[in-house]
Amino acid sequence: MQKDFVKFENVYKRYKMGEVTITAADGVSFSVDEGEFAVVVGLSGAGKTTVLNILGGIDCCDEGKIIVGGKDISNLNQHDLASYRRYDIGFVFQFYNLIPNLTARENVELATQICRESLDADLALDSVGLSERKNNFPSQLSGGEQQRVSIARALAKKPKLLLCDEPTGALDYNTGKSILKLLQNKCHEDGMTVILITHNSAITPMANRVIRMRSGKVISNVVNPSPLPVEQIEW
Amino acid sequence: MSHRHKKQSALIKNTLREILRTKSRFIAIFAIIGISVGFFAGLKSATPSMKKTAMDYFDSNNLMDISLLSTVGFDDDDIEELSKLDFVDGVMPGYSSEMIVTRDNIDFVVKLYSLPTKTKTNKKPINDLILKDGRLPKSEDECVIESYFLGMSGYKIGDTITFSPSVGGRETTSIIKGLEYKIVGVVDSPLYLTYLRGNSTIGDGTITFYMFLPNEAFATERYTAVFMRTKASSTIENELSKAYSDMISDEKDFLKSFSTDRVKRFNETTLSDAKQKLSDAEKEYNEKKTEALDKLSSGVKEMKEGENEFYSKIGDAQKALDDGEKELEEGKEQLEQGQKDYLNGIEEGKKKLTEGQTQYDEGVAAYNAAKLEYDIQIEQAEKKLASAKSEFDMQYQIFYSSTKPSADTKLMLLKSAIDVCNSTIDRTEAKLRELKSKSIIGSILESSIKEQEQKLADARKELDEYQKQYDEGTAQLKEGEEKLAEAKKQLEDAQAEFDEKKAEGARKLGEAKSQLDAAAGQLANGRLEYETGISTGLLQLQAAQTKITEGEKKLTEGKQELTDQKHKTMLQLKEGREKLAKGLYEAHVKLDDAEKKINKAKDDLDALDNAKWYVFDRDDNPGYSGLSEDADRVDNVSKVFPIFFLLIAGLVCFTTMARMVEEHRTETGTLKALGYSNMSIAFKYVVYGCTAALLGSVAGGALGVTTLPLIIVDTYGIMYTLPPSELAVHWSSLIISSLAGIGCICIVSLMSCFKDLMLYPATLMRPKAPKPGKRILLEYIKPVWNHMSFTSKVTARNLFRYKARFFMTVVGVAGCTALIVAGFGLRDSTTGIADKQFGNLTIYDQIYSLSTSGTSEEKAYLMSRFHADERFESTLLSYMGWGTIGTDESPTKQTIRFMVGENQKDFEKMFILRDRKTHAPLELSNDGIIVSERVCETYGVKPGETMKVRLEDEDYECKILGMTENYAGILGYMSPEYYESLTGNKLKYNVVFTRIAEDSPDDDRTIANDYMKDDDVITVTSMRDQIDTMMDMMKSLDFIIFVIICCAGLLAIVVLYNLTNINISERVREIATIKVLGFYSLETANFVYREGITLTLIGSLAGLALGNVFTTFIIESIQMDNVMFVKEISFLSYLYAFILTFVFSLVVNFMMYFKMKKISMVESLKSIE
């Protein structure tokens, strides 16, 4: 397992809102090892989503260095960033962002068709426990099911890194739990590096690593040597 | 109030911010409304602008409302009466005529007018000219000429125009004073708006240009034309309106009845006076003629009589002279004969005398000779007689003394020898008989017998011999005796003869002697007679000679007298005759003159007798009626296109507003929750939409109204002689279209937010569930679906997911394509007219107009020239005549040109009569006419039905045999047989159509010039010129087509941009998602565009079909009566339309590409607002 698989070094991100400049990432530095389940936790506006977006290649930093799997992505152009997203990153969003006009399988296929090595869409869906509803449109699926499709879509790409932005934010407690379970299983069983951001500190015990942020800064980066199974966590 | 005001102001602020925030959406609405309103109001304003330009032109140049022509002209009284009419504002008498001008061997028919002048009633000249260059004429021999022709003909200011000395059988100088006029200026007349110059009855029937001469240049006493301004133009603003034409028509009706009064008065005064005078003159003439003829004829009679007498007298005298001469001649002849006879007589007498003397002398000599001979002969005869007597005597003595005794002795001897012999014989015989009796003894005996017998024989022989000798001797003796007797007798005879002869000779001699004596007497008498004859003959001859000389003298004298007399009389006669002839000639000349004068007066009067006034209005000016039609044609186009635009604008606005409302769903919910009324919330959208629409209307309207009419009018201006265009804003259409646009957007805005406003705020504040995905029909067709690429599947589903947008995009794109198709289609049809007409149908190259005065022999000769000319491929002698055609129901009489070919074979080589669709040739039989297809189309008549035809001022019912493909002009064809049976007239061929051979060494002009030298050829019309004119006309439409295509492109871009924009903004989340998934920019674009491209494809295909319909509709509404537009759109046009639509689509997509690239994944995926 590679150490410092993901590495942030003094990353700054500033947004100009008219005359006001908001520093969303204010010298962020942290690292995550390969195969870890890392949770970035912080209050709303702490800069965690900014960090995740920069890490996921859908946003760029103003300063600093980001290394993923030994590759510096902080200075990539648009095209290389797209390649980076394509081959290295899997994204899971709070609102799933499924294409409404595609069935569950097709949503997964949308991802797999652009990858060199990908999981079979059916296998991916099976692995998230959606064998029965492959041919349903998102609107015909529950939130949890949609999130599973979303995870399947992310995993099917065989990414190096799975990034999850409040994946349970729009889900009820039980469903959220099952999604977290799924993600934890994927990490532990398949060795997938997962970085999850949440405002809910209650779920930090399930992580290998907990990174706390506040006001665009990393205030702690703690390794949890014995993460709890999701089932044992209550919030 | 203030609270309410605040509330409103907050909302207004919100709205203003919204506008600033969503510029592209605002601009989309602004643009689509602007284009629609601008296009609509602009096109709508084109027609009024054109009409206004024209009407201002008419007003500023005081264009006549009504013009009058009369077969007898007008006098001041007529003018005075006309100006008294209450609806007449101004009257301008003047002159108009048609002339022929020859330049470079080509005859031009020229319309000649007198210069417009001011009169008592009109302060400004009616039909005032616009002086383009130079100056107006100042003297009688100057003229101004129109600018249009000046450019074409090569005439310059300062050149002199020369008219041909006769025109239409009249002396040019009977119409205008001189033949040569100097060009001093160039003008335009409001009478002529287009290049059309109207038709003429002279030359080739087409007026080429017009010109003006001063009034003084005209030779006729009475005015030939009157131009009037009436209340119609002064009271009615729109002179192209129906109100105007109605009023004009009333005025015309009045003038027609007025004209009958004037004509009646004319007949009563001028005409009846003239008639009276004429008949007096005629009477006088006839009397004088009779008198003069009587006098002349009596003179001639006297002359004849005198002549006759003279000739008879001369004849008698001559005869007498001739007789005398003849007698004299006879006398002379007789005298000559007498002289001759006299001399002959003398000669003969002399000769006879001489002969008598000679004969006498000969007679004497002969007598003497005869006497001598007689004496000699007598002597000789006496001698001979004496010798003969002596010889006889001697002989007699000899015989009787010697010969007779010796002969007697001999005879005695012989008698004895004979006796011996007889006795021997007797013995021998006896011996022999004995022997013979003893013959039995043997041989000796035998030989003895023989011997005896021999002896017997010898003896016998000897006996015979002796006997013979004896007989001879006896005979000789006897003979001697006889001889002697004979000689004695002879001697005696000779003696007798001698005596006789001697006596006779003596008698004869005596006779001769007496004869000789008588002859001597006669001879003496003859001589006497002869001598007297000579003297008397001489006397007679002398008398005759004298007589003859006298006669001759008399005759000569008579002859001289006769000649003198004759000569004298002849001179007298000649003088008389000359006098008579001179008198006759003079009388005839005088009479002829008088007769000619009277006949002319009669003809003039006859012409006057059918006096008629013709009343014309502006529509009769060439090209005038076309102005209104052309203007209305633009109006027709503007009816179709802009409505289409507005429709699409409405659709676009609806989608845009719906999208906007949807985007503001949360805000709506919030406002609702805050307690704003539905109206207040809707107000925002309405204001937003209306502001965009209003601004768009103002901007678009202003731009459209100021540019489009000018462009269109100036384009038409190529065909019309009009001043620079003036703007006439069609306010109603501008306001209506603006209101329509604004109203439309209000309704659309309200409709869009209505649905949301009906919901509870809570519902609104929850994110709207994305439109659920659905299976589409295609998915069930597994083989197809499974083979589709992933993005194709997405596209397919999306297409059906947003049906409204699908529909709108397709309609928008289809509309755009249809407009482009229509634009190109129009171009096809207009250029097609020229191409098809002159490429395929009109195949003849020239038309030679023939003189109507030429005899049929001259025509036949001319035709033989044409036939023999190898530069022609074929020629056809034809009749070409103008007429009108119509039906009972549609009285609109359309001008039609009739062609009648001399023979079917050449006709088929010259004209193509065929069905447009099948190209099957039409057969021209002898029971009807074949007309241009356009006629049937205009009147809705089918082949087999009948139409009303007016030909040479007679109405006929004609059966339509068929309709032939023809684009330019209205043509009718009939066979010579049908023409003659229809009209009952003998067909007068007046033109020759020719096709020039491809290998002809000369071009059409050279050939035309060759034939123009023939008196029977009046003009030659070259098709090449016609084609050029046609092409020019059609080119002016090109620009309008360009405008249409530009507008269509603009529309397409706006529609596509807007729809793509909405599409993208609606799907920004999807796009962000796939970008996050690692799609490259192009892949992302492809994902989105595929839909747009598919829609464009479907839309443009629909547009091609729609365009076809659309084009047909436009062509129907703009086509003219005498031109059939080609209703075929070429494949290329469809292709262009298709490609252009895609180009526009690509342009839009290109613009969108950057927008899409800019979509921020972070922003889009943040959360649902």
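About the criteria used
- Residues numbered from 1 in each chain as written.
- Chains lettered and ligands numbered in written order.
- Predicted model: local features only at pLDDT ≥ 70, side-chain atom pairs only at ≥ 80, totals over all residues.
- Helix = DSSP H or I, 4+ residues; strand = E, 2+ residues; numbered from the N terminus.
- Buried ≥ 20, exposed ≤ 12 C-beta atoms within 10 Å, placed from the backbone.
- Contact = placed C-beta atoms within 7 Å.
- Nonpolar A, V, L, I, M, F, W, Y, C, P; charged D, E, K, R; others polar.
- Pairing = 2+ DSSP bridges.
- pLDDT = per-residue confidence, 0-100.
- Axes fitted to C-alpha atoms, helices over the stretch in contact; angles between N-to-C directions.
- Parallel < 35°, antiparallel > 145°, perpendicular 65-115°, else oblique.
- Left-handed = near helix turned anticlockwise from the far one by under 90°.

Engineer: Looking at this model, I keep getting lost on the overall build of chain B. Mind explaining?
Structural biologist: Within chain B one finds 25 helices and 22 strands. Looking at chain B residue by residue over its 1169 residues, the buried ones come to 34%. The long-range share in chain B, meaning contacts at least 24 apart out of those at least 6 apart in sequence, stands at 85%.

Engineer: I would appreciate a short explanation of the overall build of chain A in the present structure.
Structural biologist: Secondary structure assignment for chain A yields six helices and 10 strands. Counting across all 235 residues of chain A, residues that qualify as buried make up 54%. Of the contacts made within chain A by residues no fewer than 6 positions apart, 69% connect residues no fewer than 24 positions apart.

Engineer: I tried to follow helix α22 (residues 1068–1076) of chain B on my own but got confused; where do I start?
Structural biologist: The periodicity of an α-helix, 3.6 residues per turn, causes residues three or four positions apart to be oriented the same way. All names here are of chain B. Most of α22 sits inside the fold, with seven of its nine residues counted as buried. Among all positions of α22, only Glu 1070, Ile 1071, Ala 1072, Thr 1073, Ile 1074, Lys 1075 and Val 1076 are buried. Following α22 by one or two positions, Gly 1078 has its phi on the positive side, about 105 degrees.

Engineer: Can you walk me through the interface of chain B and chain A in this structure?
Structural biologist: Interface size is commonly expressed as the accessible surface area that is lost when the partners come together. Tallying the contact residues gives 25 residues for chain B and 25 residues for chain A. Looking at the side of chain B that touches chain A, the elements with two or more residues in it are α14 (790–801), α22 and α25 (1161–1165) of chain B. When residues in the side of chain B that touches chain A are grouped by element, the largest group, six residues, is from α14 of chain B. Looking at the side of chain B that touches chain A residue by residue, the class counts come to 14 nonpolar, five polar and six charged.

Engineer: Any chance you could explain the pairing of strand β18 (residues 946–951) of chain B here in plain terms?
Structural biologist: The two faces of a sheet get side chains in turn, since along a regular strand they alternate between them. Residue and element names in this part refer to chain B. Side-chain alternation along β18 places Met 947, Val 949 and Leu 951 on a buried face and Thr 946, Lys 948 and Arg 950 on a face that remains uncovered. Here six bridges tie β18 to strand β19 (residues 954–964), and the two strands are oriented antiparallel to one another. The residue bridging Arg 950 from the neighbouring strand is Asp 955, located in β19. Counted between consecutive antiparallel strands, the loop separating β18 from β19 contains two residues, among which Glu 952 sits at a positive phi close to 50 degrees.

Engineer: Honestly, unusual backbone geometry in this entry has me stumped. Any pointers?
Structural biologist: A negative phi holds for most residues other than glycine; trans holds for most peptide bonds. The backbone of Tyr 96 of chain A shows a phi angle near 65 degrees, a positive value even though the residue is not glycine. Looking at the element boundaries, Tyr 96 of chain A is found in the loop between β6 (89–92) and α3 (104–112).

Engineer: Would you explain the confidence of the model for chain B in this entry?
Structural biologist: A low pLDDT means the predicted coordinates there should not be read in detail. This prediction gives chain B a mean pLDDT of 81; 93% of its residues lie at or above 70. Interface confidence for the predicted complex, given as ipTM, is 0.89, next to a pTM of 0.60.

Engineer: What is the right way to read the environment of Arg 1090 of chain B from this model?
Structural biologist: All names here are of chain B. Within the fold, Arg 1090 resides in helix α23 (residues 1081–1118). Residue Arg 1090 is classed as partly exposed on the basis of its 18 C-beta neighbours within 10 Å. For the pair Arg 1090 and Thr 795, spaced 295 residues apart in the sequence, the C-alpha separation amounts to 6.4 Å. Setting aside its immediate chain neighbours within four residues, Arg 1090 contacts Thr 791 and Thr 795.

Engineer: Looking at this model, I keep getting lost on the environment of Leu 414 of chain B. Mind explaining?
Structural biologist: Residues and elements named next belong to chain B. With respect to the secondary-structure elements, Leu 414 resides in helix α6 (residues 242–437). Overall, Leu 414 belongs to the buried group, with 20 C-beta atoms counted inside 10 Å. In this structure, the C-alpha to C-alpha distance between Leu 414 and Tyr 466, residues 52 residues apart in sequence, is 6.4 Å. Apart from the residues within four sequence positions on either side, Leu 414 is in contact with Tyr 466, Gln 469, Tyr 470 and Gly 473.

Engineer: I'm lost on the sheet that holds strand β12 (residues 223–230) of chain B in this one. Help?
Structural biologist: By way of backbone hydrogen bonds, the strands of a sheet pair with one another, either parallel or antiparallel. Residue and element names in this part refer to chain B. With respect to topology, four strands assemble into an open sheet ordered β2-β12-β1-β13, the strand pairing being antiparallel. Since the sheet does not close on itself, it has two edges, and those belong to β2 (88–94) and β13 (613–617), each with one partner. When the angles between neighbouring strand axes are averaged without regard to direction, this sheet yields 20 degrees. Contacts from helix α3 (residues 76–84) reach β1 (66–74), β2 and β12, with the element oriented near 165 degrees to β2.

Engineer: Sorry if this is basic, but what is going on with the environment of Leu 727 of chain B here?
Structural biologist: Residues and elements named next belong to chain B. Secondary-structure assignment places Leu 727 in the loop between α10 (678–717) and α11 (731–757). For Leu 727, a count of 14 C-beta atoms within 10 Å translates into the label partly exposed. Taking the C-alpha atoms as reference points, Leu 727 and Ala 46, separated by 681 residues in sequence, lie 8.2 Å from one another.

Engineer: Would you take a moment to explain the sheet that holds strand β1 (residues 6–17) of chain A for this structure?
Structural biologist: Residues and elements named next belong to chain A. Read from one edge to the other, the open sheet built from four strands follows the order β2-β1-β4-β5, with strand pairing classed as antiparallel. Both outer strands of the open sheet, β2 (20–32) and β5 (71–72), are each paired with one neighbouring strand and no more. Bridge analysis of β1 against strand β4 (residues 63–68) gives five bridges, and the strand direction is antiparallel. Note on β4: the bridge partner recorded for Glu 9 is Lys 65. Lying over the sheet, helix α1 (residues 48–56) contacts β1, β2 and β4, oriented at roughly 65 degrees with respect to β2.

Engineer: Looking at this structure, I do not really get α1 of chain A. What am I missing?
Structural biologist: Residues and elements named next belong to chain A. Counting buried residues in α1 gives nine out of nine residues, a clear majority hidden from the surface. Considered for burial, the residues of α1 that qualify are Lys 48, Thr 49, Thr 50, Val 51, Leu 52, Asn 53, Ile 54, Leu 55 and Gly 56. One or two positions beyond α1, positive phi appears at Gly 57, with a value near 80 degrees.

Engineer: How should I be thinking about the packing of helix α2 (residues 23–60) of chain B against α11 of chain B in this particular structure?
Structural biologist: The geometry of a pair of packed helices is captured by two quantities: the angle between their axes and the separation between those axes. Residues and elements named next belong to chain B. Between α2 and α11, the shortest axis-to-axis distance is 8 Å and the interhelical angle comes to 155 degrees. The angle between the axes of α2 and α11 places the two elements in the roughly antiparallel class. At the point where α2 passes α11, the crossing takes the right-handed sense. When α2 is examined against α11, the residues Ile 29, Ile 33, Ser 36, Val 37, Phe 40, Ala 41 and Lys 44 are found in contact with a partner set consisting of Ser 733, Leu 734, Ser 737, Ser 738, Gly 741 and Ile 745. Of the residues belonging to the contact of α2 with α11, the class tally is seven nonpolar, five polar and one charged.

Engineer: Whenever I open this one, the packing of helix α5 (residues 143–156) of chain A against helix α6 (residues 173–190) of chain A confuses me. Can you help?
Structural biologist: Residues and elements named next belong to chain A. It is the contact of α5 with α6, at a shortest axis distance of 9 Å, that shows an interaxial angle of 15 degrees. By the angle between their directions, the pair α5 and α6 is classed as roughly parallel. Crossing handedness for the pair α5 and α6: right-handed. Along its contact with α5, which presents Gly 143, Gly 144, Gln 147, Arg 148, Ile 151 and Leu 155, the element α6 presents Thr 175, Ser 178, Ile 179, Leu 182, Leu 183 and Lys 186. Each residue belonging to the contact of α5 with α6 can be placed in one class, and the counts come to five nonpolar, five polar and two charged.

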